[in-house]
Amino acid sequence: MNALQHCEFSAADFRAIVIETPSIRLIHVSGSGLCASPGWKLELVAANPGVVPHPESLWLEIRETPPRTDGPHRPAETAVEAIIEDARAQEVVIRFRWREGFILPLRERVGARR
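Just so you know, these numbers come straight off a predicted model, no measurement behind them.

Caption draft 1: Local environment of the overall build of the protein. Counting its regular elements, the protein contains 0 helices and 8 strands. Reading the protein from its N end, one meets helices and strands in the order β-β-β-β-β-β-β-β. When each of the 114 residues of the protein is scored for burial, the buried share is 39%. Within the protein, contacts between residues separated by at least 24 positions form 71% of all contacts whose residues are at least 6 apart in sequence. Surface exposure of the protein reaches about 7,300 Å², of which carbon and sulfur atoms provide 52%.

Caption draft 2: Highlighting the pairing of strand β4 (residues 57-65). Direction of pairing for strand β3 (residues 41-46) relative to β4: antiparallel, over a ladder of 6 bridges. Among the inter-strand pairings, glutamate 43 is bridged to a residue of β4, identified as arginine 63. When β4 meets strand β6 (residues 91-95), the two strands line up parallel, connected through 5 bridges. Residue pairing across strands places leucine 58 opposite valine 92, the latter belonging to β6.

Caption draft 3: Region of interest: the environment of proline 67. For proline 67, the location among the structural elements is in the loop between β4 and β5 (76-85). Given the relative accessible area of 25%, proline 67 is considered partly exposed. Taking C-alpha positions, proline 67 is 7.5 Å from proline 38, a pair spaced 29 residues apart along the chain. Dropping the residues within four chain positions of it, proline 67 is found in contact with Ser37, Pro38, Gly39 and Trp40.

Caption draft 4: Molecular detail of the sheet that holds strand β1 (residues 14-20). Strand order in this open sheet of 4 strands is β5-β2-β1-β8, and the pairing throughout is mixed. Unpaired on one side and paired on the other, β5 and β8 (107-108) mark the two borders of the sheet. The pairing of strand β2 (residues 25-35) with β5 spans 10 bridges and is classified as antiparallel. Bridging across to β5, isoleucine 27 finds its partner in isoleucine 84.

Caption draft 5: Seen up close, the nonpolar core. Counting 24 residues, the largest nonpolar core has Phe9, Val29, Leu44, Leu60, Val92, Ile94 and Leu104 as its most contacted members. Only β1, β2, β3, β4, β5, β6 and β7 (102-105) provide two or more residues apiece to this core.

Caption draft 6: Just the state of the cysteines, in detail. Applying the stated rule across the entire model yields 1 disulfide. Here cysteine 7 pairs with cysteine 35 through a disulfide, and the sulfurs are 2.1 Å apart. Sign of the S-S torsion, about 105° for the bond between cysteine 7 and cysteine 35, identifies this disulfide as right-handed. On the criterion of sequence distance, the pair formed by cysteine 7 in the segment before β1 and cysteine 35 in strand β2 is long-range, its members being 28 residues apart. Overall, cysteine 7 belongs to the buried group, its relative accessible area being 3%.

The rules behind each value
- Residues numbered from 1 in each chain as written.
- Predicted model: local features only at pLDDT ≥ 70, side-chain atom pairs only at ≥ 80, totals over all residues.
- Heavy atoms only, no water.
- Helix = DSSP H or I, 4+ residues; strand = E, 2+ residues; numbered from the N terminus.
- Buried < 20%, exposed > 50% of the residue type's maximum accessible area, 1.4 Å probe, protein only.
- Contact = heavy atoms within 4.5 Å.
- Areas by Shrake-Rupley, 256 points an atom, 1.4 Å probe, with all protein chains shown as cover.
- Pairing = 2+ DSSP bridges.
- Core = buried A, V, L, I, M, F, W, Y, C linked by side-chain atoms within 4.5 Å.
- Disulfide = S-S within 2.5 Å.

Below, the structure is given as structure tokens:
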């Protein structure tokens, strides 16, 4: 873990899948980070509210909440996911406040039914 006690994330641990129906297009983003201990809460939130200069990119930021109690200090895999309605995105940009982010290509859901 780094000195600021953030979880560690890698693009290889994330997926962005398009789910399309006749009436809606959803993007399911899921992944995980390695946190310093069990009990961390992770959340994906919109990172570019308002006017979007790049509508082909869906920008999300990972927010971390450390556990309230000081428990065992053993690394713990912690999951995070979000489902977002978006009609135009072709990629997902994952941002962090403390480090450089990464880009996830969108994949079509295998076996999608319409």
